[in-house]
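Here's the letter readout for the chains.
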Amino acid sequence: MSDLRDEDAKRDLGDTFRRLIAATGPISLAHFMGESNQRYYADKRPIGGQGGDFITAPEVSQMFGELIGLWLSDIWIRAGRTEPVHYVELGPGRGTLARDACRAMKRYNVEPRVHLVETSRRLRDAQLAANPNAIHHHDLSTVPTEGPLLIVANEFLDALPVRQLVKTNEGWREVMVGVDADGNFIEMPGRQPMDSAVPEARRGDAPGTVIETSPASATIMFEVAGRLRDQDGAALFIDYGYRHGRSGSTIQAVKDHRKVGIFDTPGDVDLSAHVDFAQMEQIALSRDARVLGTVPQGEWLQALGIRERADALAEYAPQHREALMLARDRLIEPDQMGELFKVMGLVAPGWPDGAGFPVR
Ligand code: SAH
């Protein structure tokens, strides 16, 4: 298997795209993003302060995963402690969040079976090192259908490919990726009319307007909400995104903690897009899940007691006080991760309210 992986890694994805485009014409932006990220997560070491391209909340501090474990334990206990219970994480990265959350849950005598949904073999190895008892899945379809699911996804939806539609003088078209005379990737409107894919209220928008959607995220939310309805449980989706409709492209590329061009070096940079939480909520509701709401990460972590937790840890290890306070601030301050990042909570119908979300 690893030989195959190395062979794939040697082939430049940009050249593969160029050959494909030369043979069959422009490819959709969603196709470009999907394949680029698949290659990126399969081959690179994306996450981490040093040697990684970006850092995520669980890697900033153990407090993040611990508070998530606390939230999940609390809601499962109040919902009646039905067994068997499953911890399910989507896109677990280095496995840090799963490890920290499960350690915290164990303190409350909550010991769920651990299921990690991950496509990258390389990241699976790291996840197993951190969570030796975890069972891996390629997607949700093989996750057990008996017993409540405690589902977590941090910076997962933002990695899934988005589709963009652009209003041209001839009507709505899908945004495609072609190649110019110098071999550079360029965006261009597709040939096929896409007006029927645009909500009626938006069809008259001015030329140049871009509408971005994430069919892959919608599919995940549809599946998760349906699972909660059918087998009970709760889910937390944490990501950067917005709660009120907006338009325009939100795709960005990051390499080595810096923003780069989205077409620069496909497969070698992390591509992500903002999550449309209003749409995610609508989909969850349409499947009869109970939406607890979507709140800024900083508010949510403070409601769960991150300040008290940081103080307690600092008391215990005074030599780490400064680092702990810096990490806490990084997670909650509005000008850092506190405001742009949101926490969306949903539970099975009939399950109780969750800590940190407004009472409905
Ligand atoms: N949650 C982690 C990692 C975020 S990066 C953290 O917070 O640190 C995105 C993660 O999603 C990676 O583990 C990546 O390999 C995984 N991933 C991306 N696309 C996926 C897909 N379609 N199915 C399953 N996992 C995916």
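Report on the accompanying structure. The shown structure was predicted, so the numbers you read here are calculated from the model rather than taken from an experiment. (Residues numbered from 1 in each chain as written. Predicted model: local features only at pLDDT ≥ 70, side-chain atom pairs only at ≥ 80, totals over all residues. Heavy atoms only, no water.)

Observations regarding the environment of Glu118
Mapping Glu118 onto the fold places it in the loop between β3 (113-117) and α7 (121-130). Taking relative accessible area as the criterion, Glu118 reaches 6% and is therefore assigned buried. Linking Glu118 and Ile251, residues 133 residues apart in sequence, is a C-alpha distance of 22 Å. Those residues in contact with Glu118 that lie beyond four places of it in its chain are Gly91, Pro92, Gly93, Leu123, Arg124, Gln127, His136, His137 and His138. Within polar-contact distance, the side chain of Glu118 engages the backbone nitrogen of Ser120 at 2.9 Å. (Helix = DSSP H or I, 4+ residues; strand = E, 2+ residues; numbered from the N terminus. Buried < 20%, exposed > 50% of the residue type's maximum accessible area, 1.4 Å probe, protein only. Contact = heavy atoms within 4.5 Å. Polar contact = N/O pair within 3.5 Å; in protein donor to acceptor, adjacent residues only side chain to side chain.)

Let's talk about the packing of helix α5 (residues 62-78) against helix α6 (residues 96-107)
The geometry of a pair of packed helices is captured by two quantities: the angle between their axes and the separation between those axes. Between α5 and α6, the least distance of the axes is 7 Å, while the angle of their chain directions is 50°. Classified by the angle between their axes, α5 and α6 sit oblique to one another. You can see that α5 and α6 cross each other, and the crossing is right-handed. Facing Gln62, Phe64, Gly65, Glu66, Ile68, Gly69, Leu70, Leu72 and Ser73 of α5, the residues of α6 in contact are Leu97, Asp100, Ala101, Arg103, Ala104, Met105 and Arg107. Class assignment for the residues of the contact of α5 with α6 results in 8 nonpolar, 4 polar and 4 charged. (Axes fitted to C-alpha atoms, helices over the stretch in contact; angles between N-to-C directions. Parallel < 35°, antiparallel > 145°, perpendicular 65-115°, else oblique. Left-handed = near helix turned anticlockwise from the far one by under 90°. Nonpolar A, V, L, I, M, F, W, Y, C, P; charged D, E, K, R; others polar.)

Remarks on the pairing of strand β10 (residues 233-242)
The buried fraction of β10 amounts to 10 of the 10 residues, a majority that puts the element mostly inside the structure. Burial of β10 is two-sided: the residues Gly233, Ala235, Phe237, Asp239 and Gly241 facing one way and the residues Ala234, Leu236, Ile238, Tyr240 and Tyr242 facing the other way are all buried. Sheet topology places β10 next to strand β16 (residues 341-347); 7 bridges connect them, and they run antiparallel. Along β16, the bridge assignment pairs Asp239 with Lys342. (Pairing = 2+ DSSP bridges.)

Looking at the pattern of salt bridges
Inspection of every chain in the model, using the stated rule, returns 15 salt bridges. When the shortest N-O distance is used, the salt bridge between Arg103 and Glu66 registers 2.9 Å. Taken together, the residues span a long stretch of sequence, with Arg103 in helix α6 and Glu66 in helix α5 at a distance of 37 residues. The exposure class of Arg103 is partly exposed, given its relative accessible area of 33%. Accessibility expressed as a relative area gives 3% for Glu66, which makes it buried. Among the charged side chains, a salt-bridge network with shared partners connects Glu66, Arg99, Asp100, Arg103, Arg107 and Arg309. (Salt bridge = Lys/Arg side-chain N within 4 Å of Asp/Glu carboxyl O.)

Focus: the packing of aromatic side chains
As enumerated under the stated definition, the model contains 10 aromatic pairs in all. Ring geometry for Phe32 against Phe185: centres 5.5 Å apart, planes inclined by 65°, an arrangement best described as edge-to-face. With Phe32 in helix α3 (residues 29-43) and Phe185 in strand β8 (residues 185-193), this residue pair connects regions lying 153 residues apart in the sequence. Here Phe32 falls in the buried class, since its relative accessible area comes to 1%. Its relative accessible area of 8% is what places Phe185 among the buried residues. Taking the centre distance of 5.1 Å and the plane angle of 75° together, the rings of Tyr40 and Tyr41 count as edge-to-face. Here Tyr40 matches Tyr41 in class, with each residue buried. (Phe/Tyr/Trp six-rings, centres within 6.5 Å; stacked < 30°, edge-to-face > 60°.)

On their own, these measurements won't tell you what the molecule is for.
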